[in-house]
Amino acid sequence: MAGTARLSATNERQGDSPFEECFDTLGEAHNENVYGAIERLVQAGEQVGFSVHNNLIRMLKGGMSLAALLDLIEVRMTGTCLHAESTAT
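Here is what the cut-offs are and how they apply
- Note on numbering: residues in each chain are counted from 1, in written sequence order.
- Given that this is a predicted model, residues contribute local features only at a pLDDT of at least 70 and side-chain atom pairs are listed and counted only at 80 or more, while totals for whole chains, interfaces and linings are drawn from all residues.
- In computing side-chain properties, one takes all heavy atoms of the structure into account and sets aside hydrogens as well as water.
- Under the DSSP-based scheme used, a helix requires at least four consecutive residues in state H or I and a strand at least two consecutive residues in state E, with every element numbered from the N terminus.
- In this scheme, a residue with accessible area under 20% of its type's maximum is buried, one over 50% is exposed, and one in between is partly exposed, where area comes from a 1.4 Å probe on protein chains only.
- Throughout, a residue-residue contact means that at least one pair of heavy atoms, one from each residue, lies within 4.5 Å.
- Each nonpolar core is a collection of buried residues, namely Ala, Val, Leu, Ile, Met, Phe, Trp, Tyr and Cys, held together in the definition by side-chain atoms within 4.5 Å.
- Comment: arc refers to directions from the helix axis out to C-beta atoms.
- Polar contacts, as used here, are pairs of N or O atoms within 3.5 Å; protein pairs need one atom able to donate a hydrogen and one able to accept it. Residues neighboring in sequence count only if both atoms are side-chain atoms.
- Every residue carries a pLDDT, the predictor's confidence in it, which falls somewhere between 0 and 100.
- Residues enter patches when their relative accessible area tops 30% and they take part in no salt bridge; the joining distance is 9 Å for like charges and 5 Å for the nonpolar side chains Val, Leu, Ile, Met, Phe, Trp and Tyr.
- Surface exposure here means Shrake-Rupley accessible area, sampled with a 1.4 Å probe, where a residue is shielded only by the protein chains that are shown.
- The term salt bridge refers to a pairing of a side-chain nitrogen on Lys or Arg with a carboxyl oxygen on Asp or Glu at a separation within 4 Å.

Asker: Give me the overall build of the protein: which residues, what numbers.
Answerer: Scanning the protein from terminus to terminus reveals four helices and zero strands. Ordered by position from the N terminus, the helices and strands of the protein form the series α-α-α-α. Sorting the 89 residues of the protein into buried and exposed places 13% on the buried side. Of all intrachain contacts in the protein linking residues separated by at least 6 positions in sequence, the fraction that spans at least 24 positions is 41%.

Asker: Mind laying out the nonpolar core, listing which residues take part and the relevant values?
Answerer: In terms of nonpolar packing, the biggest core is built from nine residues, these being Leu41, Val42, Ala44, Val48, Phe50, Leu56, Met59, Leu69 and Ile73. At the level of elements, α2 (18-47), α3 (52-61) and α4 (66-88) are the ones that each hand at least two residues to this core. Top contributing element to this core by residue count: α2, with three residues. Discounting chain neighbours no more than four positions away, the residues touching alanine 44 are Ile73 and Met77.

Asker: So what about the environment of phenylalanine 50? Which residues, and what values?
Answerer: Take phenylalanine 50: it is sitting in the loop between α2 and α3. The class for phenylalanine 50 is buried, based on a relative accessible area of 6%. Contacts of phenylalanine 50, omitting those with residues within four sequence positions, involve Gly45, Asn55, Leu56, Met59, Leu72, Ile73 and Arg76.

Asker: Can you explain α3? Please cite residues and give values.
Answerer: Within the span of α3, buried status applies to Asn55, Leu56 and Met59. Looking straight down α3, one finds that the buried residues subtend no more than 80° of arc, so they occupy a single side. Facing away from the buried side of α3 by more than 90 degrees, the exposed set consists of His53, Asn54, Arg58 and Lys61. Capping the start of α3, serine 51 holds a side-chain oxygen 3.1 Å from the backbone nitrogen of asparagine 54, two or three residues further along. Glycine 63 sits one or two residues past α3 and shows a positive phi near 110°.

Asker: With reference to specific residues and values, describe the confidence of the model for the protein.
Answerer: On average, residues of the protein carry a pLDDT of 74, and 64% of them reach 70 or more. Mean pLDDT per element in the protein: helix α1 (residues 2-14) is the minimum at 46, and α3 is the maximum at 89. Counting interchain partners and residues more than four positions distant, the pLDDT-below-50 stretch residues 1-12 has zero contacts.

Asker: Give me a nonpolar patch on the surface: which residues, what numbers.
Answerer: Taken together, the side chains of Val34, Tyr35 and Ile38 present a nonpolar region at the surface, about 300 Å² in accessible area. We classify tyrosine 35 as exposed; its relative accessible area is 57%.

Take a look at the structure:
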């Protein structure tokens, strides 16, 4: 049965309609946007002292929502900026 599913999936892939090709292309673009967003999240986290493995992933796996993590990064960025201004004066 699994062999039949593979065979039909292969046949479908060979005869993609223009709609399916567009859908695949949009899916790839969506994945690129997701990867870009993750990269920006990691960069922002690292700017405020979070490491990817020890902090960001641990917090998300521990149940922290993405929105809460973004808020925490924002608060730390604001605090970092304020601290940098106070030490510059």
